[in-house]
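# Topology and contacts: notes
Given next are the chains, with one letter for each unit.
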Amino acid sequence: MQAKNQKIVVLGTGGTIAGVSASAIEGLAYKAAQRGIDNLLEVALGHQQHWPRALSNCQFDSEQVAQLDSKDMDFETWIHLAQRCEHWLSQSDVTGLVITHGTDTLEETAYFLSQVLSSAKPIVLTCAMRPANFEGADGPQNLRDALLVAASTHSLGVCLVAAGEIHHSRYVQKIHPTRLNAFDSGETGLAGRVHNDQVQWLDTFNTPNTLAKLRVTQLLPAAQWPWVEIVMNHVNASELHIDALVQAGVKGLVVAGTGNGSMNSNLKAGLETAQKAGVEVRLATRCNQGAVVPTENHYFDASSGLSPVKTRVALLLDMMSQLQSH
Ligand code: SIN
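All values derive from a computational prediction rather than experimental measurement.

So, on to the overall build of the chain. Each helix and strand in the chain was counted, giving 7 helices and 16 strands. Computed over its C-alpha atoms, the radius of gyration of the chain comes to 21 Å, within 12% of the 20 Å expected for a compact globule of 326 residues. Reported as C-alpha extents along the three principal axes, the dimensions of the chain are approximately 70 × 45 × 40 Å. Considering the chain as a whole, with its 326 residues, one finds that 51% of them fall into the buried category. At a minimum sequence separation of 6, the contacts of the chain that also span at least 24 residues come to 74%. Accessible surface, the chain as shown: approximately 15000 Å² in total, 48% of it carbon and sulfur.

Here it is, written out as structure tokens:
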């Protein structure tokens, strides 16, 4: 028998991919995070005779790291997940990780992991838009595709595989609440595709340089993470909630500005006051594509093309790293 020289570890965190609805024809009203990771893996792989050739050299291990609907993802779970990733990545026989996750906050977790893990091994998140017991559920195929990407020698760092598409963690965003291909990588586009058990990398994709901002061991206990919120410019935006947040002790604010990071005078005045009071302010755009291009009219630091939610993750980690250097 041929030796299995690749070991892929699959970490379960919950989500719709592990969800169950009342019937096999109910795809939208269901309870997320019901099935265990062993069951998901068994369904995705089926009998070994039917494994794709690219997985024939692989052995699999799994761990249930969490079991939650990702709308409830929290800093404790992030720290635990990062620690378990670090643990498995440090084993010399482990060649890649797959993480099952809910779609709703997946892009935040993916970006967070990309900023605290610095392994050359593939770390592939996957998910589903239909619960596990739905007729024609998308989870098993997505998980199988993710395993194929984790088994491929090409490493993108942290990425997402869903609906046959491979997205880099820096660019991916959930852009649709219900359809099966709910993710998009904006102007940058896909890193590759998985089709018929074949992984195709796109030559047009340039992997960004993502250096980890912090090591997992440098993450503070969740209760000590700085408080960072997101505020948005919109018609008649006011500064009153900024003042309330500062009063309540917020430490960082990300502003999702309109267009190229613009904001009305009330919001700008409120944020300037907050910044003078010591609150860190970062600028992103509420447009779902493109980056804020800084000009002399910009008063706050722009987020180098990250979405508001990823700008928040970046700011949290920057602030944590500043706290450690003092
Ligand atoms: C979740 O994010 O856990 C629920 C929604 C989903 O996975 O699609």
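Picking up where we left off.
Below, the discussion takes up the domain arrangement of the chain. Here the chain is partitioned into domain 1 (6-201) and domain 2 (222-325). One C-alpha centre belongs to domain 1, the other to domain 2, and the line joining them spans 30 Å. Carbon and sulfur atoms make up 67% of the surface buried where domain 1 meets domain 2, a total of about 1500 Å² over both sides. Sorting the residues of domain 1 by area buried against domain 2 places Phe 75, Tyr 111 and Arg 170 first, and these three jointly supply 38% of that buried surface. Between domain 1 and domain 2 we count 4 residue pairs in polar contact (both at pLDDT 80 or more) in total. Elements with a minimum of two residues in the side of domain 1 that touches domain 2: helix H2 (75-89) and helix H3 (106-116).

Before going further, it helps to spend a moment on the side chain of Glu 63. Note on placement: Glu 63 falls in strand E4 (residues 58-68). Side-chain polar atoms of Glu 63 contact the side chain of Trp 88, separated by 2.7 Å. For Glu 63, the residues in contact, after removing those within four places along its chain, are Val 10, Leu 11, Gly 12, Ile 37, Arg 84 and Trp 88.

Moving on: the state of the cysteines. With the rule as written, the count across this model stands at 0 disulfides. No disulfide involves Cys 58; its sulfur sits 15 Å from the nearest other cysteine sulfur, which is in Cys 159.

The subject of this paragraph is the site of the ligand. Around the ligand sit Gly 15, Thr 16, Tyr 30, Asp 69, Ser 70, Gly 102, Thr 103, Asp 104 and Ala 128, and those are all the residues in its vicinity. In this structure, an oxygen atom belonging to the ligand sits 2.6 Å away from a side-chain N or O atom of Ser 70. Protein chains bury 95% of the 250 Å² of accessible surface belonging to the ligand in isolation. Of the residues contributing to the shell around the ligand, the split by class is 2 nonpolar, 5 polar and 2 charged.

Taken N-terminus to C-terminus, the directions of helix H5 (residues 240-248) and helix H6 (residues 265-276) make an angle of 15°; their axes are 8 Å apart at the nearest point. Considering their axes alone, H5 and H6 lie roughly parallel with respect to each other. Along this stretch, H5 crosses H6, giving a crossing that reads as right-handed. Contact with H5, carried on its side by His 241, Ile 242, Asp 243 and Val 246, involves Leu 267, Gly 270, Leu 271 and Ala 274 of H6 and no other residues of that element.

A few words now on H2. Here H2 is 15 residues long and its end C-alpha atoms lie 21 Å apart, about the 21 Å a rise of 1.5 Å per residue gives. Residues of H2 that are buried: Thr 77, Trp 78, Ile 79, Leu 81, Ala 82, Cys 85, Trp 88 and Leu 89. Along its buried surface, H2 packs onto strand E1 (6-14), E4, strand E5 (94-100), H3, strand E6 (123-126) and helix H7 (308-325).

Looking now at the sheet that holds strand E7 (residues 158-162). Note: strands within a sheet are paired through backbone hydrogen bonds, in either parallel or antiparallel orientation. Strands sit in the order E4-E1-E5-E6-E7-E8-E11-E12 across an open sheet of 8 strands; the sheet is mixed. Edge strands, defined here as strands with exactly one partner in the open sheet, are E4 and strand E12 (198-201). On average, each strand axis in the sheet is tilted by 25° relative to the strand beside it, whichever way the strands run. Here 4 bridges tie E7 to strand E8 (residues 165-168), and the two strands are oriented antiparallel to one another. In the strand pairing of E8, Val 161 is matched with Ile 166. Along the sheet, H2 contacts E1, E4, E5 and E6; its crossing angle with E4, the most-contacted strand, is approximately 165°.

So, about the sheet that holds strand E15 (residues 280-285). Here we have 4 strands laid out as an open sheet, ordered E13-E14-E15-E16, and parallel in their pairing. Only two strands of the sheet have a single partner each, and these edge strands are strand E13 (228-232) and strand E16 (301-302). Two strands pair when backbone bridges link them, and E13 and strand E14 (residues 252-257) are joined in this way by 5 bridges, in the parallel orientation. By the bridge assignment for E14, Ile 230 is matched with Val 254.

Our next topic: the pattern of salt bridges. Tallying each qualifying case throughout the model produces 10 salt bridges. Between Asp 104 and Lys 174 there is a salt bridge, with the nearest N and O atoms lying 2.6 Å from each other. Of this pair, Asp 104 sits in the loop between E5 and H3 while Lys 174 sits in strand E9 (residues 173-174); the two residues are 70 residues apart in sequence, bridging distant segments of the chain. Using a relative accessible area of 43% as the deciding quantity, one classes Asp 104 as partly exposed.

Per the counting criterion, the structure on display carries 8 aromatic pairs. Ring plane angle 25° and centroid distance 4.3 Å describe the contact between Phe 75 and Trp 225, whose orientation is recorded as stacked. Remark: Trp 225 occurs in the loop between E12 and E13 and Phe 75 occurs in helix H2; sequence separation between them is 150 residues. Classification of Phe 75 by relative accessible area gives partly exposed; the value is 22%. Considering the side-chain rings of Tyr 171 and Phe 205, the 6.2 Å spacing of their centres and the 80° angle between planes classify their relative orientation as edge-to-face. With a gap of 34 residues between them, Tyr 171 in the loop between E8 and E9 and Phe 205 in the loop between E12 and E13 connect regions that are remote in the sequence. For Phe 205, a relative accessible area of 9% translates into the label buried. Taken together through their ring pairs, the aromatic side chains of Phe 75, Trp 78, Phe 112 and Trp 225 make up a single cluster.

Parameters and conventions
- Here, residues in each chain are numbered from 1, in the same order as that chain's written sequence.
- Side-chain atom pairs in this predicted model are given and counted only at pLDDT of 80 or more, local residue features only at pLDDT of at least 70, and totals for whole chains, interfaces and linings cover all residues.
- For the side-chain quantities, the full set of heavy atoms in the structure was used; hydrogens and water were omitted.
- Labels follow the DSSP assignment, with helices taken as runs of H or I lasting at least four residues and strands as runs of E lasting at least two, numbered in each case from the N terminus.
- When we talk radius of gyration, it's over C-alpha atoms, and the globule rule is simply 2.2 Å times the number of residues to the 0.38.
- In this scheme, a residue with accessible area under 20% of its type's maximum is buried, one over 50% is exposed, and one in between is partly exposed, where area comes from a 1.4 Å probe on protein chains only.
- In what follows, residue pairs with any heavy atoms lying within 4.5 Å of each other are defined as contacts.
- Areas reported as accessible are Shrake-Rupley estimates using a 1.4 Å probe. Residue values count occlusion only from the protein chains shown.
- Throughout the structure description, domain borders are defined by an automatic or database domain assignment.
- As a working definition, buried area equals the accessible area (1.4 Å probe) given up by two parts on being put together, with both sides summed.
- Pairs of N or O atoms are called polar contacts if they sit within 3.5 Å, as long as, within protein, a hydrogen donor faces a hydrogen acceptor (for residues adjacent in sequence, only side-chain-to-side-chain pairs).
- Any two cysteine sulfur atoms within 2.5 Å of one another count as a disulfide.
- The near set for a molecule or strand comprises every residue that places at least one heavy atom within 4 Å of it.
- Amino acid classes used here: Ala, Val, Leu, Ile, Met, Phe, Trp, Tyr, Cys and Pro are nonpolar; Asp, Glu, Lys and Arg are charged; the rest, including Gly, are polar.
- Lines are fitted to the C-alpha atoms to define the axes, a helix being fitted only along its stretch in contact, and any angle between axes, read from their N-to-C directions, falls within 0 to 180 degrees.
- Here is the rule for angles: anything less than 35 degrees is roughly parallel, anything more than 145 is roughly antiparallel, 65 through 115 is roughly perpendicular, and the remaining ranges are oblique.
- Crossing chirality is assigned from the near helix's rotation relative to the far helix, an anticlockwise turn below a right angle marking it left-handed and a clockwise turn marking it right-handed.
- Here, expected helix span is obtained from the residue count minus one, scaled by 1.5 Å.
- One bridge is not enough; two strands pair if DSSP finds at least two bridges between them.
- Should a side-chain nitrogen of Lys or Arg be within 4 Å of a carboxyl oxygen of Asp or Glu, the pair is scored as a salt bridge.
- Note on aromatic contacts: the rings of Phe and Tyr and the six-membered ring of Trp form a pair at centre separations within 6.5 Å, being stacked when their planes are under 30 degrees apart, edge-to-face when over 60 apart, and tilted otherwise.

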